[in-house]
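Spelled out, the chains give:
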Amino acid sequence: MLMDQFYKITVAPLEPHELKKLKKGIFIMPIVTIFIIGFFSMVLTQFDLEGTFLKIFGGFAILFMTVLIFIVRGYVLDLRDQTKEILQGVITRKVKRRQKKKKGSSTSYYFYFGDKSILVPLHIWGQFEEADMIEVHRSKRISNLIYKTELMKRGVLVEQVQEIKEAHEAKEQKMTMIALIIFVVIVGVVILLANIGILG
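**Student:** What is the right way to read the overall build of the protein chain from this model?
**Tutor:** Counting its secondary structure elements, the protein chain contains 4 helices and 8 strands. The order of α-helices and β-strands along the protein chain, N terminus first, is β-β-α-α-β-β-β-β-α-β-β-α. Within the protein chain, the proportion of its 200 residues that are buried is 30%. Considering only contacts within the protein chain whose residues lie at least 6 apart along the sequence, 59% involve residues at least 24 apart.

The structure is reproduced here in structure tokens:
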């Protein structure tokens, strides 16, 4: 059992419906593997890749397969143990992180319990608020596999949660200011060098 001021983690056996959900996930993995292998094979046969392009493509293929193997390993080990992690804690912060991609962007949603964060889907992220005490039944090794979440109590450790939020906001403002100062300094140096004829 792992304990902190804002959360407690215990381990418990999987319930039958949770085991079924885990098995469903692991059965999908071979399909994904076949699809990825088929895609890479098609690219190799359709395009005459040589030299640098072949190395880059090979690097991406190895990266994808490594990630896939890591995910499958998590399913296999969870299935072998047939146990889950139960986190009971107070949400101190709700965070969403947006990642820009070539085709649009994706957003990830997190609950923070003090310094510990967990990835949650949007529908769960929207159900709870900061200072809610919740119980999360989740996979021990697969970060996005959550079996169920329950509200235990609202308005817990409100003052501490507010202090953490204010401290984090102050830290973010400080980091933003530092980044802005660095940017201004770099721009200033570039302009100075350009004016004295070193650049351009």
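**Student:** So what exactly am I meant to see when it comes to the layout of surface pockets here?
**Tutor:** It is a probe the size of a water molecule, rolled over the atoms, that shows where empty space is left. Considered as a void within the structure, the second largest pocket measures approximately 160 Å³ in volume. Surrounding the second largest pocket, Arg93, Lys94, Val95, Arg97, Tyr112, Glu130, Lys165, His168, Glu169 and Glu172 form its lining. Sorting the residues of the lining of the second largest pocket by element identifies strand E4 (93-100) and helix H4 (158-195) as the ones contributing at least two each. Counted by class, the lining of the second largest pocket contains 2 nonpolar, 1 polar and 7 charged residues.

**Student:** Is there a simple way to explain the nonpolar core in this structure?
**Tutor:** Across soluble globular proteins, nonpolar side chains have a tendency to be buried as a group. In this structure, Leu87, Phe111, Phe113, Ile118, Val120 and Ile134 are the most contacted members of the largest nonpolar core, which totals 15 residues. Every element with two or more residues in this core is listed here: strand E2 (7-13), strand E5 (105-113), strand E6 (116-120), helix H3 (122-125) and strand E7 (133-138). Take this core: its biggest share by element is 3 residues, from E5. What Ile134 contacts, discounting residues up to four positions off in sequence, is Leu87, Gln88, Gly89, Ile91, Phe111, Phe113, Phe128, Glu150, Leu151 and Met152. Ranked by size, the runner-up nonpolar core spans 7 residues in total, among them Tyr75, Ile142, Leu145 and Tyr147.

**Student:** Looking at this structure, how should I read the environment of Tyr147?
**Tutor:** Mapping Tyr147 onto the fold places it in strand E8 (residues 146-153). Using a relative accessible area of 11% as the deciding quantity, one classes Tyr147 as buried. Measuring from C-alpha to C-alpha, the distance between Tyr147 and Val136 comes to 7.8 Å, with 11 residues separating the pair along the chain.

**Student:** Which parts of the structure should I look at to understand the side chain of Thr149?
**Tutor:** Within the element layout of this structure, Thr149 appears in strand E8. Discounting residues that sit within four places of it in the chain, Thr149 has contacts with Ile124, Gln127, Phe128, Glu135 and Val136.

**Student:** Before we go on, may I ask you to explain the packing of aromatic side chains in this structure?
**Tutor:** Given two aromatic rings, one states the distance between the centres and the angle between the planes to describe the pair. On inspection of all chains with the given rule, the structure shows 3 aromatic pairs. A ring pair is formed by Phe111 and Phe113, whose centres lie 6.5 Å apart and whose planes are at 85 degrees; its orientation type is edge-to-face. The same class applies to Phe111 and to Phe113, which are both buried. Note on Phe111 and Phe128: the rings are 6.2 Å apart at their centroids and 75 degrees apart in plane angle, and the pair reads as edge-to-face. Taken together, the residues Phe111 in strand E5 and Phe128 in the loop between H3 and E7 connect sequence positions 17 residues apart. Comparing Phe111 with Phe128, the two get one shared label, buried. What links up through ring pairs into an aromatic cluster is the set Phe111, Phe113 and Phe128. If you follow Lys94 out to its NZ or CZ, it ends over the ring of Trp125, 4.3 Å from the centre. The residue whose ring lies beneath Arg97 is Tyr110, and the NZ or CZ to ring-centre distance is 4.6 Å.

Rules used in this analysis
- Residues numbered from 1 in each chain as written.
- Predicted model: local features only at pLDDT ≥ 70, side-chain atom pairs only at ≥ 80, totals over all residues.
- Heavy atoms only, no water.
- Helix = DSSP H or I, 4+ residues; strand = E, 2+ residues; numbered from the N terminus.
- Buried < 20%, exposed > 50% of the residue type's maximum accessible area, 1.4 Å probe, protein only.
- Contact = heavy atoms within 4.5 Å.
- 1 Å grid on protein atoms, 1.4 Å probe; cavity = no way out; pocket = protein on both sides within 12 Å on 5 of 7 lines; lining within 4 Å.
- Points joined across faces, edges and corners; volume = space filled by probe spheres on them.
- Nonpolar A, V, L, I, M, F, W, Y, C, P; charged D, E, K, R; others polar.
- Core = buried A, V, L, I, M, F, W, Y, C linked by side-chain atoms within 4.5 Å.
- Phe/Tyr/Trp six-rings, centres within 6.5 Å; stacked < 30°, edge-to-face > 60°.
- Lys NZ or Arg CZ within 6 Å of the ring centre and 35° of its normal.

These results come straight from atomic positions and should not be treated as a statement about function.
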